[in-house]
Structures are given as C-alpha cells and as structure tokens.
Amino acid sequence: MRTRASIVTALGAGFETEDLEIDDPIGREVLIEVKASGLCHSDLHAATTGLGFPFPAVFGHEIAGVVRSVGPETTGIVPGQHVVASLVQFCGDCAACRSDRTYQCERPAETGRGDGEAPRLRRADGQPVVAAFGTGGFSELCLVHENQVVVVSDDLPFPVAAILGCATITGAGAAINSAGVRVGDSVAVIGLGGVGLNVISGARLAGATTIVAIDAQEEKLALAPRFGATHTVHADGETDVVAAVQQITGGGVDHAFEVIGLASTTQDAIRMTRVGGAANLIGIHRPGSTIAVDPGDLLISQRTIRGIYMGSSNIKTDIPRYARLYQQGRLNLDDLIAREIALDDVAEAYEQLRSGTTARSVITDFAGR
Ligand SMILES: [Zn+2]
Ligand SMILES: [Zn+2]
C-alpha cells in the first residue's frame, strides 16, 4: 500500500516528501499508523554525517501511533492498540536479552527482514528504501518488529507518547539505569536538548538534590528548572563551566552527563566530577573523533568514564513506567514539545534544531497540503 514519507535519497541530500510503497506485515511485524513522530538529533546525524546507513532511507525513530494490522506470528499486540515504537532492536533470545539487557542484544538484525524477503519499503520504481533503525517513522505508516513496539494506554497524548520512545528512555534511563543516580546525589547535565532535559527528569526522579543544567542557550536554561534543575550555568564562552560546577557542589558532581557529542564538553564532563565520580557520555560524536585521557589522573581521581546507549533501557518495562509517571504528574514531557509540525516541514524543523533553538518538534500532520 501507499504511504507518504519523508525520504533522504543520499547522504546529505536532505529530507523530501515522497509517496512510497509499504509492504504488508509478515512474521512478527506490526503495521503502525503513525500519529506522532519526533525529530531526534540522531536522525540528522545519520542523514548528514553518516552513521553507516545505506540510502535511500526513511528516518524517524520516536514514534507513537495506532496498530493497523499485525503479522501472523505476532503475539500480544492487536489492531487498534495505541503503541510507541523505539529504535532499540533486540532478538529476545540471546544471552544479553535473557539477562534483561536487551540494549546489549547480540543479534539485533533478527528484528529485520532476511535477504530473501521483500523490502518493507520501496519507491514507486521498485528501488528498496531502508527504514532506518528498523522504524522509519517519518511516514504515515511504518512496519516495525513487535519487539520494538510497546503498548500504551489510549489516553496518553500521541506527541508525548512519541517522546517516550527515544528522548525519555535515553535521557531518564541514563540517570536511573546506567549511572544509578541515588537520593542525595549531585548531577550536572551538559546540553539541554530533548535528551538532556530528560536526564534532568531522571535525576530528579532518582532523588538527586543538586542538578546543574549547562547550556550555551539562555532559553534552554530557562526551561531546565521545569524539569528539576536546581542550578543553571550559562556556557557563554567566558564562564569557566568546570569551576562553576565545582563551586556549586563544593568540589565536583557525583555524575556528569555529556549530551552534545563534542570533545571539549566531554573533557569538561570528566573534569567536573568529584573524586570517585563518573562522566557519562550520551552525545553522539562525529565518526573518528577522539579525546585525550590521562590514565594516571583517572586512577588517582578514581573517576569512571561510561559510554551509554539508549539509557540502558528495556523498553517493554521502562516505557510503560515513564508513561505512568507522566500521568501522575511526576515526569514533565509537555514542556519538551516545542511545536507540532507537518511531514513536509521536516527539513525546515531540522534546520531549527541545528541552530539549537527548540527542544523537540513532533510531526503530527501526515496529510499532504
Ligand atoms: Zn533518538
Ligand atoms: Zn538479543
């Protein structure tokens, strides 16, 4: 059947709306009518700097919608249910998956189609199109393996539900699952996009008493207290950010989170931790970039540097948990959504995101103009 989608035909070619053909669900696939699809920075990275994806591709991995149909081997998901789809691909059967570490799955490709099977997406001339991350959510319809799909309650607003699928599990999960923030801890977060603000939320939920929000943009700093930040530091190019954090915390934070993906701010994150603290790396760096680390200093200061993928989240349990916290008024998601846009506006909205002015744009209008 036909689906309107925002397609990237080649690396750096930009986003354009095109009518594509989407296959029927087979095996354990779920066909989702997309109602909300968030614009995450990772898609822009993949579309412009390359993370190894083949093209043409449809990006979009922060998705909420309604199940339209399911493949014959799907269990537990039925048409009509409201769902969130996430980019965490896991087989459910390897040693990691069986140990509740689905985010470390050894065989994530098992959620995709095999070589002998028809592609999920193709152009009108038959050219196969990659649904990036196994989702391809910048589209009216998407086909996703049921392991990547989580049922949510019907009264959860779609734009909010979409955010749960990436920004929230990545950010809040990093604080709660990966870093293990505890009651009374001190936290610093560098970079206040959708993920960074969710790190702040996670730190608050975990009981951190000092949460320092750091960004170059004053409007983002103004947003941070609504998520639980207790202090803000304006990285205006003149302020010594590390010294400011050390002063606020009396020596450094227990947990620093870098959510931008730059060498300089990664060094700052390491330096602003206390003796025995941990620098948690979430931001996606350009391929091939490196940072210098003094191992002697690391030893003496007993610091940890931790790489975090998707907030160490098990989506099937974590996404419903965050949905409940939102509905109880304990997790702020409403203030993350800067604006709702149409599918045709993806390129323009990413231009805004690149200039760093909005928290999250969410596609909610998939019809043509
Ligand atoms: Zn994302
Ligand atoms: Zn697995």
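Residues numbered from 1 in each chain as written. Chains lettered and ligands numbered in written order. Predicted model: local features only at pLDDT ≥ 70, side-chain atom pairs only at ≥ 80, totals over all residues. Heavy atoms only, no water.

**Here's the deal with the overall build of the protein chain**
Going by this rule: Labels follow the DSSP assignment, with helices taken as runs of H or I lasting at least four residues and strands as runs of E lasting at least two, numbered in each case from the N terminus. Based on C-alpha atoms, the radius of gyration is set beside the globule rule, defined as 2.2 Å times the residue count to the power 0.38. Summary of the burial criterion: residues with accessible area below 20% of their type's maximum are buried, those above 50% are exposed, and those between are partly exposed, where the area comes from a 1.4 Å probe applied to protein chains only. We call two residues in contact when some of their heavy atoms are within 4.5 Å. Positive charge is attributed to Lys and Arg, negative charge to Asp and Glu, and no charge count is given to His or to the chain ends. Charge positions are represented by NZ for Lys, CZ for Arg, CG for Asp and CD for Glu.
The helix and strand tally for the protein chain stands at 10 helices and 18 strands. Computed over C-alpha atoms, the radius of gyration of the protein chain comes to 20 Å, within 12% of the 21 Å expected from 2.2 N^0.38 for 369 residues, which places it in the range of a compact globule. Along the first, second and third principal axes, the C-alpha set of the protein chain runs to 60 × 40 × 40 Å. Burial statistics for the protein chain: of 369 residues in total, 55% are counted as buried. Of the contacts made within the protein chain by residues no fewer than 6 positions apart, 70% connect residues no fewer than 24 positions apart. Of the charged side chains in the protein chain, 29 are positive and 43 negative; the average position of the first set lies 4 Å away from that of the second.

**Describing the nonpolar core**
What tends to happen in soluble globular proteins is that the nonpolar side chains get buried as a cluster. Operational definition: We call a set of buried Ala, Val, Leu, Ile, Met, Phe, Trp, Tyr and Cys residues a nonpolar core when their side-chain atoms join them within 4.5 Å. Domain ranges listed in this record stem from an automatic or a database domain assignment.
Phe 15, Phe 59, Phe 138, Ile 200 and Phe 257 are the most contacted members of the largest nonpolar core, which totals 102 residues. Per-element tally for this core: the top contributor is helix 3 (residues 158-178), with 11 residues. Both domains that furnish three or more residues to this core are identified here as domain 1 (2-165 + 312-365) and domain 2 (180-307). Counting 15 residues, the second largest nonpolar core, distinct from the first, contains Val 212, Ile 214, Val 253 and Ala 279.

**Digging into the environment of Asn 198**
This is how the line gets drawn: Think of a polar contact as two N or O atoms within 3.5 Å of one another; within protein, one of them needs to be a possible hydrogen donor and the other a possible acceptor, and neighboring residues in sequence only count if both atoms come from side chains.
Structurally, Asn 198 can be placed in helix 4 (residues 194-206). Residue Asn 198 is classed as buried on the basis of its relative accessible area, which comes to 0%. At 3.1 Å, the side chain of Asn 198 and the side chain of Thr 168 are in polar contact.

**Considering the coordination of the zinc ion (ligand 2)**
Using the following cut-off: As a rule, N, O and S atoms within 2.8 Å of a metal are its donors, except that Na, K and Ca use 3.2 Å; water is not among the atoms, so sites may look incomplete. Each label reflects the angles at the metal, where four donors whose angles all fall between 85 and 135 degrees are tetrahedral, four or six donors whose opposite pairs open beyond 155 degrees and whose other angles stay between 65 and 115 are square planar or octahedral respectively, and the rest are irregular.
For the zinc ion (ligand 2), every protein donor is listed as Cys 91 (SG), Cys 94 (SG), Cys 97 (SG) and Cys 105 (SG), and the spread of their distances is 2.3 to 2.4 Å. Taken together, the four donor atoms coordinating the zinc ion (ligand 2) span angles of 103 to 117° at the metal, a pattern that classifies the geometry as tetrahedral.

**Considerations on empty space enclosed by the protein**
Note the cut-off: Using protein atoms alone on a 1 Å grid, points that fit a 1.4 Å probe yet trap it form a cavity, whereas open point sets bounded by protein on both sides within 12 Å along at least five of seven lines form a pocket; residues with an atom within 4 Å of a point count as lining. Grid points are joined across faces, edges and corners, and a volume is the space filled by probe spheres set on the points. Under the convention adopted here, Pro, Cys and the residues Ala, Val, Leu, Ile, Met, Phe, Trp and Tyr are nonpolar, Asp, Glu, Lys and Arg are charged, and Gly plus all remaining residues are polar.
All told, the structure shown has one cavity of 30 Å³ or more when counted by the stated rule. The volume enclosed by the largest cavity comes to roughly 30 Å³. In terms of lining residues, the largest cavity is bounded by Ile 22, Arg 120, Leu 121, Ala 131, Thr 135, Gly 136, Leu 141, Cys 142 and Leu 143. With three residues, the top contributor of residues to the lining of the largest cavity is strand 9 (residues 141-145). Here the residues of the lining of the largest cavity sort into six nonpolar, two polar and one charged.

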